[in-house]
Amino acid sequence: MIATITTATVAALAAPVAGLLGYRQLKRAANARKIRITTPNSIDESGFVRIGGIDQWVSIRGEDLGNPVLLEILGGPGASNLVFLPRTHVWEKHFTIVRWDMRGAGFTFAAGGPDGQGELNYDRLHRDALEVTEYVRARLGVAKLLLVANSFGTVLGLRLARNHPELYSGYVGTDQNIIDGGRDHTAYDAMLARLQKAGKKRELATALEMGADRRAWTVKQVAEFNKLVLTSDPLSYDTMKTVVIRSLWFSPLHTLRGLRAYLKAMTWSEQLQVQAATIDERAEGTDFPIPFFIFQGDGDVLTPPQPAKRFFDEVSAPVKEFALIRNASHFASFRHPDQFLDLMLTKVRPAITGQPLAA
């Protein structure tokens, strides 16, 4: 979802910091020290695993292998969560976290390029995710993984949680997308109101021309919509600059060449958004046989909390909970990793382990 605005913002910021590459190296080194894992019974391994006929990057990190195992489903599409490690490393004290750069994302895209990704569609990603799940179960000797999906990854996350309760102990969606076959226009209507109030006549004309039905949008129009939504909202734009762009720029795992590949991956993967426009989550089902959680930014304008709450209210699950992350737009868990972790420890972990949070 963020390829266009991320690329534009990186370009805008790169010029004034071109003479500060030394500072960037210092920050990257500090972040590398920050994310080191040295505790007993810990794990910190990453590399390529043969998944779906191609080599895909899988990272497994955690301070105690006795903790629940969490599989992240990245957003974007094509946006690897590995850039957020310095912000989220504290999660690894309580969970063993598997971060998978799926085809079209991160190191997987960087290694194979566009021609090395094979087919890119939701059926293929679904099969890949199941292969990753089986790999992790065998590698760590665990029966089930906790699914945690963010942003566009929640489309795949819902499908996995709905169809494979034998593999997953629970589902957590944040920046939760609810695609309902084009019926909901909450984000679009609110964007029009912001543009009109700000007197952005050219941007408003662009938005009106594309119309509210995302099923008719081209890849270019989807990218333009995301850009207009995020740049027209002050909290969202601030999050892009202070959380997303800074995480990219100071990532200890990504060189400058790696950042270019990262951005190209997101642009290349935008085709998934057009493919997903006709999905109807309610038609696919609201019965989830596992604990079900949605933690949404209270000010999210890209995936607003209202449609997510309406869907949540229709969900049938053995345990379910909806919560808002305060002072957060999109990227809520990365802007406020402390709030997100608190919800994970007080709501999710007791539900999947059957044990209350230790004092």
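In this convention, every chain numbers its residues from 1, walking through the sequence in written order. Side-chain atom pairs in this predicted model are given and counted only at pLDDT of 80 or more, local residue features only at pLDDT of at least 70, and totals for whole chains, interfaces and linings cover all residues. As a rule here, side-chain values come from all non-hydrogen atoms in the structure, and water together with hydrogens is ignored.

K.L.:
Explanation requested: the nonpolar core in the structure shown.
P.N.:
Note on soluble globular proteins: their nonpolar side chains tend to be buried together. Here, nonpolar core means buried Ala, Val, Leu, Ile, Met, Phe, Trp, Tyr and Cys residues that are tied together by side-chain atoms lying within 4.5 Å of each other. Each residue is placed in one exposure class: buried if its accessible area under a 1.4 Å probe, protein chains only, is under 20% of its type's maximum, exposed if it is over 50%, and partly exposed if it falls in between. In terms of nonpolar packing, the biggest core is built from 52 residues, with Leu-146, Val-172, Met-191, Phe-225, Phe-295 and Met-344 touching the most fellow members. Numbering of helices and strands runs from the N terminus, with a helix taken as a DSSP run of H or I at least four residues long and a strand as a DSSP run of E at least two residues long. At seven residues, the largest contribution of residues to this core is made by helix α16 (residues 337–353). Here, two residues are considered to be in contact whenever any of their heavy atoms come within 4.5 Å of each other. The contacts of Val-172, once residues within four sequence positions are left out, are Leu-146, Leu-147, Val-148, Ala-149, Phe-293, Phe-295, Phe-340, Met-344 and Val-348. If you look at the next biggest cluster of nonpolar residues, it comprises 47 residues, including Tyr-122, Ala-149, Ile-178 and Phe-311.

K.L.:
Just to check I follow, could you spell out unusual backbone geometry for this structure?
P.N.:
The phi angle of most residues is negative, glycine excepted, and most peptide bonds adopt the trans form. The omega torsion of the bond from Gly-76 to Pro-77 falls at -5 degrees, within 30 degrees of zero and hence cis. Structurally, the position occupied by Pro-77 is in the loop between β3 (69–73) and α3 (85–88). Unusually for a residue other than glycine, Ser-151 sits at a positive phi of about 55 degrees. Mapped onto the elements of the fold, Ser-151 is located in the loop between β5 (145–150) and α6 (153–163). Not every positive phi belongs to a glycine, and Asp-175 is a case in point at roughly 55 degrees.

K.L.:
Teacher, can you tell me more about the environment of Leu-235 here?
P.N.:
Following the sequence through the fold, Leu-235 ends up in helix α10 (residues 234–249). Overall, the relative accessible area of 22% leaves Leu-235 in the partly exposed class. For the pair formed by Leu-235 and Tyr-262, sequence separation is 27 residues and the distance between their alpha carbons is 24 Å. Not counting residues within four places of it along the chain, the set of residues in contact with Leu-235 comprises Asn-327, Ala-328, Ser-329 and Arg-335.

K.L.:
Even after reading the chapter, I still don't get helix α14 (residues 305–314), so can you show me in this structure?
P.N.:
For α14, the full list of buried residues reads Pro-305, Pro-307, Ala-308, Phe-311 and Phe-312. Viewed end-on, α14 has its buried residues packed into an arc of 165 degrees, placing them on one side of the element. If you follow the buried residues of α14, they end up packed against α6, α7 (186–197), α13 (281–284), β7 (292–297) and β8 (320–325). In this context, the arc is that of the directions from the helix axis out to the C-beta atoms.

K.L.:
Help me out: how do you make sense of the pattern of salt bridges in this one?
P.N.:
Where charged atoms from two side chains of opposite charge approach closely, those side chains can pair. The rule for a salt bridge is simple: a side-chain nitrogen of Lys or Arg has to be within 4 Å of a carboxyl oxygen of Asp or Glu. As enumerated under the stated definition, the model contains 23 salt bridges in all. Among the salt bridges present, the one from Arg-124 reaches Glu-119, with a minimum N-O distance of 4.0 Å. Its relative accessible area of 11% is what places Arg-124 among the buried residues. Measuring nitrogen to oxygen at the nearest pair gives 2.9 Å for the salt bridge that ties Glu-134 to Arg-137. Of this pair, Glu-134 and Arg-137 both sit in helix α5 (residues 122–140), three residues apart, roughly one helical turn. For Arg-137, a relative accessible area of 23% puts it in the partly exposed group. The structure contains a network of salt bridges with shared partners spanning Arg-103, Glu-119, Arg-124, Arg-127, Asp-128 and Glu-131.

K.L.:
Whenever I open this one, the side chain of Asn-31 confuses me. Can you help?
P.N.:
On the secondary structure map, Asn-31 appears in helix α2 (residues 21–34). Taking relative accessible area as the criterion, Asn-31 reaches 11% and is therefore assigned buried. Apart from the residues within four sequence positions on either side, Asn-31 is in contact with Pro-86, Phe-250 and Pro-252.

K.L.:
What is the right way to read the packing of α7 against helix α9 (residues 219–231) from this model?
P.N.:
Two packed helices can be described by the angle between their axes and the distance between those axes. Helix axes are fitted to C-alpha atoms over the stretch in contact, other axes to C-alpha atoms as well, and angles between N-to-C directions run from 0 to 180 degrees. Their axes nearest at 10 Å, the elements α7 and α9 cross at an angle of 55 degrees. Classified by the interaxial angle, the pair formed by α7 and α9 is oblique. Between α7 and α9 lies a crossing of left-handed hand. Contact with α7, carried on its side by Ala-187, Tyr-188, Met-191 and Arg-194, involves Phe-225, Leu-228 and Val-229 of α9 and no other residues of that element. Each residue is assigned to one of three groups, with Ala, Val, Leu, Ile, Met, Phe, Trp, Tyr, Cys and Pro labelled nonpolar, Asp, Glu, Lys and Arg labelled charged, and all others, Gly among them, labelled polar. Among the residues forming the contact of α7 with α9, the class breakdown is six nonpolar, no polar and one charged. Note that the term roughly parallel is reserved for angles under 35 degrees, roughly antiparallel for angles over 145, roughly perpendicular for angles of 65 to 115, and oblique for everything else. Helix crossings get a hand from a simple test, with the near helix turned counterclockwise from the far one by less than a right angle marking a left-handed crossing and a clockwise turn marking a right-handed one.

K.L.:
Just checking my understanding: could you explain the sheet that holds strand β1 (residues 43–51) for this structure?
P.N.:
Within a sheet, each strand pairs with its neighbour through backbone hydrogen bonds, oriented either parallel or antiparallel. Any two strands with at least two DSSP bridges between them are considered paired. An order of β1-β2-β4-β3-β5-β6-β7-β8 is seen for the eight strands of this open sheet, with the pairing classed as mixed. Among the strands making up the open sheet, the edge pair consists of β1 and β8. Strand-to-strand, the axes of this sheet are offset by a mean angle of 20 degrees, without reference to chain direction. Examined bridge by bridge, β7 and β8 share six bridges and lie parallel to one another. Looking at the pairing, Phe-295 lines up with Ala-323 of β8. Helix-sheet contacts for α5 involve β1, β2 (54–62), β3, β4 (96–101), β5 and β6 (168–174), and the interaxial angle to β1 is about 135 degrees.

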